[in-house]
Amino acid sequence: MSSPETKLDLYDEDVSASESMHGDMTVTSAQQRNSNNPGAPHFNTLDEPIRDTILRDVKAVGVKFYHVLIPKEKNTLLKEWDLWGPLVLCTFMATILQGTSDDMYDGGPEFAQVFVIVWIGALIVTLNSKLLGGNISFFQSVCVLGYCLTPCAIALLLCRIVLLANQTTFLFFLRFLIAATGFGWATYASIIFLGDSQPANRKALAVYPIFLFYFIISWLVISHSNV
């Protein structure tokens, strides 16, 4: 990260768009502190308190969630990727979506099945992107696809709240609208982040698997019920 406030700068004006696509997960305290105080001693994150490291990483994850919900800056998730956010979202969704132990009243897939759908789906979308000539690394693409599950996770939470009431036709359409909004939001955000990494004449081929990926996740959201 480029500052103590964990502000994610996308790229400098002098840096080309292709160079900004190559991210790194490593961050040194020396780079952060010396930007404000050139005379400060050089040391890395191994020498700082664990609390500072954890707080900085948590803030960085929070900033990425913010940029997914308000996708204005295209390469925010690409410059310094991580998989903490996708792991948290996948675990949350798998916990909510998992069915009951009674086969007669199974309300959804098993915990492991959701994990497989999310990670295998992200893997297939990423491989498709690479085969089409996308200038993005494997983990950068998985990071973006994982963080863009945020709208779907929010939709799942809202639908779960709606399910607490006695279900009617109106509430079903309400859940459908919520899931559709999460689907559209997630698809739009991922295209914003990944669109420029694809050749101009192959963007449609890259967007179609992304569309299917979030459609399947959203279908799990809308099909989840108490019975």
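Analysis parameters
Residues numbered from 1 in each chain as written. Predicted model: local features only at pLDDT ≥ 70, side-chain atom pairs only at ≥ 80, totals over all residues. Heavy atoms only, no water. Helix = DSSP H or I, 4+ residues; strand = E, 2+ residues; numbered from the N terminus. Buried < 20%, exposed > 50% of the residue type's maximum accessible area, 1.4 Å probe, protein only. Contact = heavy atoms within 4.5 Å. Areas by Shrake-Rupley, 256 points an atom, 1.4 Å probe, with all protein chains shown as cover. Salt bridge = Lys/Arg side-chain N within 4 Å of Asp/Glu carboxyl O.

**A closer look at the overall build of the protein**
Argument step 1. Regarding its fold elements, the protein presents 10 helices and zero strands.
Argument step 2. For the protein, the α and β elements follow one another from N to C terminus as α-α-α-α-α-α-α-α-α-α.
Argument step 3. By the burial criterion, 42% of the 227 residues in the protein qualify as buried.
Argument step 4. Here the analysis covers contacts within the protein between residues at least 6 apart in sequence; of these, 73% occur between residues at least 24 apart.
Argument step 5. Taken as a whole, the protein presents about 12600 Å² of accessible surface, with 67% of it coming from carbon and sulfur.

**Brief notes about the pattern of salt bridges**
Argument step 1. Applying the stated criterion across every chain yields a total of two salt bridges.
Argument step 2. For Arg-51, the salt bridge is made with Asp-52, and the minimal N-O distance between the two is 4.0 Å.
Argument step 3. The residue Asp-82 makes a salt bridge to Lys-64 at a minimum N-O spacing of 3.0 Å. Note that Asp-82 is positioned in the loop between helix H4 (76–79) and helix H5 (84–97) and Lys-64 in helix H3 (residues 50–69), a separation of 18 residues in sequence. Take Asp-82 and Lys-64: they sit in the same class, and that class is buried.

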